[in-house]
Amino acid sequence: MVIYNTLTKRKEQFKPEQSAVVKIYECGPTVYDFIHIGNARPLCVFDTLRRYLTYKGYDVVFVKNFTDVDDKIINRAQNENISCAVVTQRSINEYCKDAQGLKEEVTHRPKATENIAAMQKIIEKIIENGFAYERSGTIYFRSRKLKEYGNLSGMVLESLQAGARVPTEEQKEDDLDFALWKAAKPGEPSWNSPWGAGRPGWHIECTAMIDEIFGGTIDIHCGGQDLIFPHHENELAQYLAYCGKPLARFWMHNGFVTVDSEKMAKSRNNFITVRAVAEEFGYLPIRLLMLQAHYRTPINYNLDIIKQSAAAAQRIRNCWELLNGVKVGTNLTQNIEDLKTLKNKFLNELEDDFNTASAIGVLFDFMKQVNSNLANASQEYVEVATQFFSEFLYILGLEFDDVDFCADEEVRQLIKQREDARFMKDFKKADELREELKNLGILLEDTISGVKAKKVNGGKNFGQKN
Ligand SMILES: [Zn+2]
């Protein structure tokens, strides 16, 4: 498999350092609010990478953190007059619902606040190695001293002359320096440290958690393109200054998501949460949308594009259900080799810098062929097609275990009416609506994360494939 490495700026053959295990770390959300549609992109892209590497037979260790100490969290807590812990726990709960809907699975979800000691250990060593200094309880990293600084983002340090700009924080030696540790301010969460009470800077979190969990260089570090500078540049610099080792062998970054061609921002009023989109269209079309572009190209989100994805998800579902309910015919002339060719094409697209966009194109070619052959398909054809189809859906994370995502309009309306009836405590009407849905083959389950709808005679469950 070849992957574009942001560090070397070219496609490289990917092989994990240890033959059977792939170590991946993705920078997770800062937990102060619902995640927005831009956050869904790295989630869906890198979860698909995890699935694909698992499918290829690797043992994937995938770590994604929660940043649970940050200015945004502190501001939110102060505005609502509640503690930071309440803000972060609430946001983590909501994140987990969205992650479940979007089918993300990870090995560990460490919290920054549970790894403060590991961060302090690294900061102490960086100071000892001469790459950091203290100013009134705050520790700054001496960026310019590290000759590799700027390699990841491609920033040319010479163009940023020392002292050319007045440092934004006056106590810094150089404007490029950044805080590893911030001295405590009144009303903010803080921890004891060798430099007095304070809290960690954002970048040190990930470096420390990677070192703590993996114990050294990982195979793939990933996240959104907006993280390359300063976050990832600084993570990498800290690790070199700490132990002289690279933090990661491969750096993968997904492209931006704009909304109606503009950058998303609360001030622009175009801040779209995953939850709001999922409530209207379901989670599956979001996942499909995020994979329908090559991960390094930008995506422009708008109402048309999510509607198209919802329709495409419905077509995939229809074909899958047709295949599962098909009566086997007698046609022995159908060419199973064609299906194998399409499967190889699908996998080859993923081998080439993880091109999910083209792989989904192949999935639609595959469906076209299956749809046209099903009228009189042989037993073997149906079995092979079902096997391949389930493998594609597993890799892409498009598993139809409930109708939440792509139920037709009528079903969605009935589910909503039942929810409304329950809310109004009209249980008689709610029961009638449940019956009506049952007659349509839809079974409802009331769970803690809301109502789940399952197709009674739905397709098989997709297991993990190798
Ligand atoms: Zn990070």
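Structure shown above.
Residues numbered from 1 in each chain as written. Predicted model: local features only at pLDDT ≥ 70, side-chain atom pairs only at ≥ 80, totals over all residues. Heavy atoms only, no water.

S.K.: Sorry, what's going on with the nonpolar core here?
M.R.: The tendency in soluble globular proteins is for nonpolar side chains to be buried side by side. Counting 59 residues, the largest nonpolar core has Leu53, Ile220, Ile316, Phe346 and Phe389 as the members making the most contacts within it. Per-element tally for this core: the top contributor is helix H12 (residues 379-396), with eleven residues. When residues of this core are assigned to domains, at least three map to each of domain 1 (14-254) and domain 2 (266-396). Ranked by size, the runner-up nonpolar core spans 41 residues in total, among them Val63, Ile204, Phe214 and Leu227. (Core = buried A, V, L, I, M, F, W, Y, C linked by side-chain atoms within 4.5 Å. Buried < 20%, exposed > 50% of the residue type's maximum accessible area, 1.4 Å probe, protein only. Helix = DSSP H or I, 4+ residues; strand = E, 2+ residues; numbered from the N terminus. Domains from an automatic or database assignment.)

S.K.: Any chance you could explain unusual backbone geometry here in plain terms?
M.R.: Most peptide bonds take the trans configuration, and most residues that are not glycine carry a negative phi. The residue after Phe229, namely Pro230, is reached through a cis peptide bond having omega 0°. By secondary structure assignment, the location of Pro230 is in helix H6 (residues 228-243). Phi at Asp353 is positive, roughly 50°, even though this residue is not glycine. For Asp353, the location among the structural elements is in the loop between helix H10 (336-351) and helix H11 (356-373). In this structure Asp353 comes out as buried when scored by relative accessible area, which is 1%.

S.K.: Help me out: how do you make sense of the environment of Lys145 in this one?
M.R.: Inspection of the secondary structure puts Lys145 in the loop between strand S6 (138-141) and strand S7 (178-183). For Lys145, a relative accessible area of 48% puts it in the partly exposed group. With residues up to four places along the chain from it excluded, the contact list for Lys145 reads Asn129, Gly130 and Phe131. A distance of 3.4 Å separates a polar atom in the side chain of Lys145 from the backbone oxygen of Gly130. (Contact = heavy atoms within 4.5 Å. Polar contact = N/O pair within 3.5 Å; in protein donor to acceptor, adjacent residues only side chain to side chain.)

S.K.: Sorry, what's going on with the sheet that holds strand S4 (residues 59-64) here?
M.R.: Within a sheet, adjacent strands bond to each other through the backbone by hydrogen bonds, running parallel or antiparallel. Judged by pairing direction, the sheet is parallel, and its four strands sit side by side in the order S4-S3-S9-S10 without closing on themselves. Looking at strand neighbours, the two that pair on one side only are S4 and strand S10 (248-254), the edges of this open sheet. Here the strands of the sheet are splayed against their neighbours by 20° on average, with no regard to which way each runs. For strand S3 (residues 21-26) and S4, the ladder comprises six bridges, and the chain directions are parallel. (Pairing = 2+ DSSP bridges. Axes fitted to C-alpha atoms, helices over the stretch in contact; angles between N-to-C directions.)

S.K.: How should I be thinking about the layout of surface pockets in this particular structure?
M.R.: Over the atoms, a rolling probe the size of a water molecule traces out where space has been left empty. One number sums up the size of the largest pocket: a volume of about 1100 Å³. Lining the largest pocket are 38 residues, and of these His36, Asn39, Lys72, Asp226 and Leu227 lie nearest its centre. Elements that contribute at least two residues to the lining of the largest pocket include exactly helix H5 (202-214), H6 and strand S11 (257-259). If one sorts the elements of the lining of the largest pocket by residue count, H6 sits on top with three residues. The residue inventory of the lining of the largest pocket, partitioned by class, reads 17 nonpolar, 13 polar and eight charged. (1 Å grid on protein atoms, 1.4 Å probe; cavity = no way out; pocket = protein on both sides within 12 Å on 5 of 7 lines; lining within 4 Å. Points joined across faces, edges and corners; volume = space filled by probe spheres on them. Nonpolar A, V, L, I, M, F, W, Y, C, P; charged D, E, K, R; others polar.)

S.K.: Quick question: what am I supposed to make of the environment of Gly130 here?
M.R.: Structurally, Gly130 is set in the loop between helix H4 (116-128) and strand S5 (132-135). For Gly130 and Lys145, which are 15 residues apart along the polypeptide, the C-alpha to C-alpha distance reads 8.9 Å. Not counting residues up to four positions away in its chain, the partners in contact with Gly130 are Arg142 and Lys145.

S.K.: Just checking my understanding: could you explain the coordination of the zinc ion for this structure?
M.R.: Where a metal carries four tetrahedral donors, each ideal angle is 109.5 degrees; where it carries six octahedral donors, the ideal angles are 90 or 180 degrees. The zinc ion binds to the protein through Cys27 (SG), Cys206 (SG), His231 (NE2) and Glu235 (OE), with metal-donor distances spanning 2.1 to 2.2 Å. For the zinc ion, the four donor atoms are set out with angles of 76 to 128° between them, so the coordination reads as irregular. Mapped onto the sequence, the donors of the zinc ion take the spacing C-x178-C-x24-H-x3-E. With His231 and Glu235 both in helix H6 and four residues apart, the pair spans about one turn of that helix. For His231, a relative accessible area of 1% gives the class buried. (Donors = N, O, S within 2.8 Å, 3.2 Å for Na, K, Ca; no water. Tetrahedral: all angles 85-135°; square planar, octahedral: opposite > 155°, others 65-115°.)

S.K.: What am I meant to see in the pairing of strand S2 (residues 10-13) here?
M.R.: In the case of a regular strand, side chains alternate between the two sheet surfaces. Note: strand S1 (residues 2-5) against S2, four bridges, orientation antiparallel. Pairing of Asn5 across the sheet is with Arg10, part of S2. Here S1 hands over to S2 after four residues, with Lys9 in that stretch at a positive phi of 60°.

S.K.: Would you mind going over the side chain of Asp68 with me for this structure?
M.R.: Note on placement: Asp68 falls in the loop between S4 and helix H2 (71-80). Lys111 provides the closest opposite charge to the buried, unpaired Asp68, separated from it by 5.3 Å. Polar contacts involving the side chain of Asp68 include one to the main-chain amide nitrogen of Ala112, which spans 3.2 Å. There is a polar contact of 2.6 Å between the side chain of Asp68 and the side chain of Thr113. The residues touching Asp68, leaving out its near neighbours within four places in the chain, are Val31, Ile73, Thr88, Lys111, Ala112 and Thr113. (Lys, Arg positive; Asp, Glu negative; His and termini not counted. Salt bridge = Lys/Arg side-chain N within 4 Å of Asp/Glu carboxyl O.)

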